[in-house]
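# Per-entry structural report
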Amino acid sequence: MTTAGAPSGTSRLPAVRLVVVVGEEDHVGHRPLATELVHRAHAAGLAGATVHRGVEGFGAGSRVHTNRVLSLSEELPLAVSVVDVPERVEAFLPVVGELLAAASAGGLVTLEDVTVVRFVGGHGGPADRGGRDAAGGAGGAGGDAGGAA
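Residues numbered from 1 in each chain as written. Predicted model: local features only at pLDDT ≥ 70, side-chain atom pairs only at ≥ 80, totals over all residues. Heavy atoms only, no water.

### With respect to helix 2 (residues 86-102)
- In this model helix 2 runs 25 Å from its N-terminal to its C-terminal C-alpha over 17 residues, within 8% of the 24 Å that 1.5 Å per residue would give.
- Where helix 2 bends most, the angle comes to about 30 degrees, and this point is Leu93, followed within four residues by the proline Pro94.
- Along helix 2, the residues that are buried comprise Val89, Phe92, Val96, Leu99 and Leu100.
- Here the buried face of helix 2 lies against strand 1 (10-23), strand 2 (27-28), helix 1 (33-43), strand 7 (77-84) and strand 8 (108-119). (Helix = DSSP H or I, 4+ residues; strand = E, 2+ residues; numbered from the N terminus. Expected span 1.5 Å × (residues − 1). Bend = angle between axes of the 7 residues up to and from the residue. Buried < 20%, exposed > 50% of the residue type's maximum accessible area, 1.4 Å probe, protein only. Contact = heavy atoms within 4.5 Å.)

Quick look at the structure:
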């Protein structure tokens, strides 16, 4: 759907952004939890996933974690963002729960309604590679184009 007033070649698609905030020391087996979340999202055919590394933060334990040189903390926050249509994100939530339980990790899980603004055109984006977009699956909402918003 192209919206009135939008530049030619753009479309806006309703989607959901799932954000899972974990610690960088959280693991499932020998694999970092954030990495496992990304790989499971990919295997599930979700549109895209990106890990954002925090430089400082605190969670339920109220201990501030930072990457400052003089700090002893190494448990920095990681936010895994996944964007896709609501049905696909909802179907992925049990996997998130299983991974958090397997890692014995706490974590913050949020869902937000978002609008994906898709610029259609020939610069090698996901639509040009035959990928799906946020309205239909993999590609456009973060896959190969650098991640979720």
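### Some words on the pairing of strand 7
- Of all eight residues that make up strand 7, eight are buried, and the element is covered over most of its length.
- Of the two faces of strand 7, the one lined by Pro77, Ala79, Ser81 and Val83 and the one lined by Leu78, Val80, Val82 and Asp84 are each fully buried.
- Sheet topology note: the strand 1/strand 7 ladder contains eight bridges and is antiparallel. For Val16, the partnering residue across the bridge sits in strand 7 and is Asp84.
- Here six bridges tie strand 4 (residues 48-53) to strand 7, and the two strands are oriented antiparallel to one another. Paired with His52 across the strands is Ala79, a residue of strand 7. (Pairing = 2+ DSSP bridges.)

### Considerations on the nonpolar core
- If you look at the biggest cluster of nonpolar residues, it comprises 20 residues, and the most contacted ones within it are Leu18, Val20, Val22, Leu33, Leu37 and Val96.
- Elements with a contribution of two residues or more to this core: strand 1, helix 1, strand 7 and helix 2.
- Among the elements that make up this core, the one with the highest residue count is helix 2 (five residues).
- Residues Leu13, Ala15, Val83 and Val116 belong to the second largest nonpolar core, which totals five residues. (Core = buried A, V, L, I, M, F, W, Y, C linked by side-chain atoms within 4.5 Å.)

### A look at the sheet that holds strand 8
- Read from one edge to the other, the open sheet built from four strands follows the order 4-7-1-8, with strand pairing classed as antiparallel. Looking at the sheet topology across the chains shown, the edges are occupied by strand 4 and strand 8. Strand-to-strand twist in this sheet, taken as the mean axis angle between neighbours without regard to direction, amounts to 25 degrees.
- Here strand 1 pairs with strand 8 via twelve bridges, running antiparallel. (Axes fitted to C-alpha atoms, helices over the stretch in contact; angles between N-to-C directions.)

### A short note on the confidence of the model for the chain
- Counting all residues, the mean pLDDT for the chain is 77, and 62% of those residues have values of 70 or more.
- The model gives residues 123-149 a pLDDT under 50, and that stretch makes 57 contacts with residues more than four places away or in other chains. (pLDDT = per-residue confidence, 0-100.)

### Notes on helix 1
- Taken together, the buried positions of helix 1 are Leu33, Ala34, Glu36, Leu37 and Ala41. All buried residues of helix 1 lie within an arc of 160 degrees about the axis, which places them on one face of the element. Summarising the geometry of helix 1, the exposed residues directed more than 90 degrees from the buried face are His42 and Ala43.
- Next to the buried residues of helix 1 lie strand 1, strand 2, strand 3 (31-32), strand 4, strand 7 and helix 2. (Arc of directions from axis to C-beta.)

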